[in-house]
Amino acid sequence: ALLGISYSQLQQNAYALILAEIDGVRRIPIVIGQAEAQSIALKIENITPPRPLSHDLIVSFMRAYGVSLEEVFIHKFEDGIFYSELIFNDGERKVSLDARTSDAIAIAIRTKAPIYTTEEILAETGFILSDNEQISVTDNSETPQMPKLENYSIEELERQLARHIELEEYEDAAIVNEILKSKKNNI
């Protein structure tokens, strides 16, 4: 289930889409761009833009041709990227299409289609949100809070550190490295 969208502390001009495990405590952060975040936030807030956004257009097209979205399946996580597919049904056949995860989720929330992933991806990328932390849906007037880096697993922090170094984001890498050292020292 979609928990919310937060401004990303890990990447500039990016947002984190937070998915929540149904009947569980794990959360998955998926980094998405500003346009996709805005599209998702508008739908969550039930705001209808004056002209249809791309995701709205896709849903209108699906309805016009009698196609339904059965599910979104996040099937792979590699090099910090989630890979997804959309499973469509027209009543006679099922079709699976590759999609960016942010686009797949933007369409899923418009059609109320379920979002699934594998236990392996949930175990690798998931984190547990502490009781006193909250994720809020963003709009352009506020800067919502992302889950604290301290709550990320050591493995996720190591991936974030490697990504920041690769992108030459040394200030962000230093912050992640300090938290990673602290976590390792407390084990």
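Bear in mind that the values here come from a model prediction, so they are computed numbers and not experimental data.

### Thoughts on the overall build of the chain
Next up, step 1: Secondary structure assignment for the chain yields six helices and eight strands.
Next up, step 2: Taken from N to C terminus, the helices and strands of the chain fall in the order β-β-β-α-α-β-β-β-α-β-α-β-α-α.
Next up, step 3: Here the chain holds 187 residues, and the buried ones make up 40% of them.
Next up, step 4: Relative to all contacts within the chain whose residues are 6 or more apart in sequence, the contacts with residues 24 or more apart total 52%.
Next up, step 5: For the chain, the exposed area adds up to about 11,000 Å²; of that, 49% sits on carbon and sulfur atoms.

### Considerations on the packing of helix H2 (residues 54–64) against helix H3 (residues 101–111)
Next up, step 1: Between H2 and H3, the shortest axis-to-axis distance is 9 Å and the interhelical angle comes to 55 degrees. Relative to H3, the element H2 lies oblique. Two packed elements cross with a definite hand, and for H2 against H3 that hand is right-handed. Packed against H2, whose contacting residues are His 55, Asp 56, Ile 58, Val 59, Met 62 and Arg 63, the element H3 presents Asp 103, Ala 106, Ile 107, Arg 110 and Thr 111 at the interface.
Next up, step 2: Taken together, the residues of the contact of H2 with H3 sort by class into five nonpolar, two polar and four charged.

### Focus on the confidence of the model for the chain
Next up, step 1: Averaged over all residues, the pLDDT of the chain equals 81, while 79% of them reach at least 70.
Next up, step 2: In this model, residues 132–147 is a region of pLDDT below 50 whose contacts with residues beyond four sequence positions or in other chains number 45 contacts.

### Considerations on the environment of Ile 44
Next up, step 1: Along the chain, the position of Ile 44 falls in helix H1 (residues 34–44).
Next up, step 2: For the pair Ile 44 and Ala 106, spaced 62 residues apart in the sequence, the C-alpha separation amounts to 9.8 Å.

### Digging into the side chain of Asp 103
Next up, step 1: The residue Asp 103 is located in helix H3 in this model.
Next up, step 2: Only 2.9 Å separates the side chain of Asp 103 from the side chain of Arg 100, close enough to count as a polar contact.
Next up, step 3: Discounting chain neighbours no more than four positions away, the residues touching Asp 103 are Glu 36 and His 55.

### Describing the side chain of His 55
Next up, step 1: If you trace the backbone, His 55 turns up in helix H2.
Next up, step 2: A residue is classified by how much of its surface remains accessible, and His 55, at 8% relative accessible area, is buried.
Next up, step 3: Engagement of the side chain of His 55 in a polar contact is seen with the side chain of Ser 39, the distance being 2.8 Å.
Next up, step 4: Here the side chain of His 55 touches Asp 103 through a polar contact of 2.8 Å, side chain to side chain.

Basis of the calculations
Residues numbered from 1 in each chain as written. Predicted model: local features only at pLDDT ≥ 70, side-chain atom pairs only at ≥ 80, totals over all residues. Heavy atoms only, no water. Helix = DSSP H or I, 4+ residues; strand = E, 2+ residues; numbered from the N terminus. Buried < 20%, exposed > 50% of the residue type's maximum accessible area, 1.4 Å probe, protein only. Contact = heavy atoms within 4.5 Å. Areas by Shrake-Rupley, 256 points an atom, 1.4 Å probe, with all protein chains shown as cover. Axes fitted to C-alpha atoms, helices over the stretch in contact; angles between N-to-C directions. Parallel < 35°, antiparallel > 145°, perpendicular 65-115°, else oblique. Left-handed = near helix turned anticlockwise from the far one by under 90°. Nonpolar A, V, L, I, M, F, W, Y, C, P; charged D, E, K, R; others polar. pLDDT = per-residue confidence, 0-100. Polar contact = N/O pair within 3.5 Å; in protein donor to acceptor, adjacent residues only side chain to side chain.

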